[in-house]
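Each chain is listed here by its residues.
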Amino acid sequence: PTLERPSLRRIEEFFSTQGLPQSTLECFHVGGTNGKGSVSTLIASMLEALGHRCGKFTGPHLLSFNERFVINGQAIAAEPFAKVASQTKELSDQFALEHPDLGALTWFEFLTAMAVAYFKQEQVRYSVFEVGMGGRFDATNILTNVRATVLTNVDLDHMQFLGDTREKIAFEKSGIIKTGVPVVTTCDGAALAVIAARAAKLECPMYVLSQLVDSHDLADLFENFEIQYFGLGHEKNKLSDFVELLKKEFFVEVNQPRFVSGLSGSYQRVNILTALIALGASGILTEHLMASPEQRQATIQSLKLGLSKASWPGRFEIFENPKMILDGAHNPHGAKALRASLLEKFGPVNF
């Protein structure tokens, strides 16, 4: 059989027949090579702590398919899962009958359609969608009401589908950038150039987290991080104020730990910063932080609470009996991040 060319036409047509339900979901769209699930979880957990009903669509799942569809930290229960899946299957089959040239939804298109239907049914205030693979032709790229686009990083992975260089992969991943929507990334080098060109073409404000990559520097990341601003006017001032707030009021210690993250691993510091900058870029925090000093402190405490309650199993998850660490490092970037976390936690080990 002939291989199908990548396209969003089927999922776009499908949602069109349903009245464009994705357009009602205010969301964060999170792509990149590594850290997508962690950043998605951190954003969702902080939004919940701020008092918002928040949906989260991620993958792959660890133990159950239900883990892909989460609202306020709770995976969808068996009965609503079966109901939404059955309804989506009926709609997909009907669509295939009416559009024989396109056929039924693919597996990931089906899951994306389920997530949209479930979050819309449950009337979430915000939602966070993790890209499945790539971005340009990923089913989640039908999202139209995006508050912030996140591209965590670009490294060599899924090269048979996305290309054999960082530039080619960055081109595919930057395909989720939407006109005028803020972009947050930790990319650098040639990959950043590709993303910056796409953002400039679509007139997007772009915020680049300049991260410290060496393991011995990560401990100081919260104090030393910098944000590069691209293509910005007043947007730069808005986020530069937020960055100053993070450094002067959020990442400080006054006789107590600045916060405790629910996600272990030194690499999570970059993900924490990325999630915070994405929230700042979205504008959602503006009203909270422009209020009275008391309201601002309450907002800061809510964000810290959200970070502390974030849970994402299988990412430098430590078990004590027997002593074991579970992590999903599956490409060079992930392996380097895991090594840095092991060195920080246990120091050099001679074998």
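Before any of the text, the structure's been laid out above.
Each chain carries its own residue numbering, running from 1 in the written order of its sequence. The predicted origin of the model limits local features to residues at a pLDDT of at least 70 and limits the giving and counting of side-chain atom pairs to 80 or more, whereas totals for whole chains, interfaces and linings rest on all residues. For the side-chain quantities, the full set of heavy atoms in the structure was used; hydrogens and water were omitted.

A. Examining the overall build of the protein more closely. To qualify as a helix, a DSSP run of H or I must reach at least 4 residues; to qualify as a strand, a run of E must reach at least 2; elements of each kind are numbered from the N terminus. From N to C terminus, the protein includes 14 helices and 11 strands. A 1.4 Å probe rolled over the protein chains alone gives each residue an accessible area, and that area as a share of the maximum for its type sets the label: buried under 20%, exposed over 50%, partly exposed in between. Taking all 351 residues of the protein together, 50% fall into the buried category. Any pair of residues with heavy atoms lying within 4.5 Å of one another is described as a contacting pair. Taking contacts inside the protein between residues at least 6 apart in sequence as the whole, the part at least 24 apart equals 70%.

B. Structural detail: the environment of Arg147. Turning to its location among the elements, Arg147 is positioned in strand S6 (residues 146–151). In this structure the C-alpha to C-alpha distance between Arg147 and Leu25, which are 122 residues apart in sequence, comes to 9.9 Å. Not counting chain neighbours up to four residues away, the residues in contact with Arg147 comprise Glu26, Cys27, Tyr126, Val181, Pro182, Ser282, Gly283 and Ile284. For this analysis, a polar contact is any N or O atom pair within 3.5 Å, provided that within protein one partner can donate a hydrogen and the other can accept it, and provided that sequence-adjacent residues contribute only side-chain to side-chain pairs. Engagement of the side chain of Arg147 in a polar contact is seen with the side chain of Glu26, the distance being 2.7 Å.

C. Spotlight on the packing of aromatic side chains. In summary, the pairing rule links any two rings of Phe, Tyr or Trp, Trp by its six-membered ring, whose centres are within 6.5 Å, and it sorts them by plane angle into stacked for under 30 degrees, edge-to-face for over 60 and tilted for everything else. Following the criterion strictly, the structure yields 14 aromatic pairs and no others. An angle of 85° between the planes, with centres 6.3 Å apart, marks the rings of Phe225 and Phe251 as edge-to-face. With Phe225 in the loop between helix H9 (221–224) and strand S9 (226–230) and Phe251 in the loop between helix H10 (234–250) and helix H11 (268–282), the pair connects residues that are 26 residues apart, well separated along the chain. Every member of this aromatic cluster is reached through a ring pair, and the members are Phe57, Phe65, Phe69, Phe81, Trp107, Phe108, Tyr118, Phe119 and Phe129. As a reminder, the over-ring test applies to NZ of lysine and CZ of arginine, requiring each to be within 6 Å of the ring centre and within 35 degrees of the ring normal. Against the face of Phe225 rests Lys247, its NZ or CZ located 5.0 Å from the ring centre. Taking the ring centre of Phe250 as reference, the NZ or CZ of Lys304 above it sits at 5.4 Å.

D. Fine view of the pairing of strand S1 (residues 27–31). Most of S1 sits out of view: 5 of its 5 residues are buried. On S1, burial covers both faces: Cys27, His29 and Gly31 on one face and Phe28 and Val30 on the other are all buried. Strands pair, by our definition, only if DSSP identifies at least two bridges between them. When S1 meets strand S5 (residues 126–130), the two strands line up parallel, connected through 4 bridges. Bridge pairing links Phe28 to Val128 in S5.

E. The pairing of S5, seen in detail. For S5, the tally of buried residues reaches 5 of 5 residues, placing the bulk of the element in the interior. Neither face of S5 is open: one carries Tyr126, Val128 and Glu130, the other Ser127 and Phe129, and all of them are buried. Sheet analysis places strand S2 (residues 54–57) next to S5, joined by 4 bridges and oriented parallel. Considered in S5, the bridge of Lys56 is made with Val128.

F. Representation of helix H1 (residues 9–17). Looking at H1, one finds that the buried residues are Arg10, Ile11, Phe14 and Phe15. Burial along H1 is one-sided: seen end-on, the buried residues are contained in an arc of 125°. Taken together, the buried residues of H1 touch helix H3 (78–98) and helix H4 (107–121). Following H1 by one or two positions, Gly19 has its phi on the positive side, about 85°. Picture the helix axis, draw a direction to every C-beta atom, and the arc is the one those directions span.

G. Examining H3 more closely. Expected helix span is taken as 1.5 Å per residue step, with the number of steps being one fewer than the number of residues. Between its first and last C-alpha, H3 extends 30 Å over 21 residues, near the 30 Å set by a 1.5 Å rise per residue. Packing partners of the buried residues in H3 comprise H1, strand S3 (69–71) and H4.

H. Unusual backbone geometry, seen in detail. Each neighbour pair has its own omega, and for Gly59 with Pro60 the value is 0°, a cis peptide bond. The residue Pro60 is located in the loop between S2 and S3 in this model. The backbone of Leu20 sits at a positive phi, close to 55°, despite the residue not being glycine. Structurally, Leu20 is set in the loop between H1 and S1. The backbone of Asn72 shows a phi angle near 50°, a positive value even though the residue is not glycine. Summarising the element assignment, Asn72 is placed in the loop between S3 and strand S4 (74–75).

I. Structural detail: the nonpolar core. Among the nonpolar cores identified, the biggest contains 45 residues, and Ile43, Phe225 and Ile277 are the most heavily contacted of them. It is H11 that provides the largest number of residues to this core, a total of 9 residues. Not counting residues within four places of it along the chain, the set of residues in contact with Ile277 comprises Val184, Tyr207, Ile227, Leu239, Phe242, Val243 and Leu246. Counting residues in each nonpolar core, the second largest holds 32 residues, with Leu8, Phe15, Ile71 and Phe129 among its members. What we call a nonpolar core is a set of buried Ala, Val, Leu, Ile, Met, Phe, Trp, Tyr and Cys residues that are connected through their side-chain atoms within 4.5 Å.

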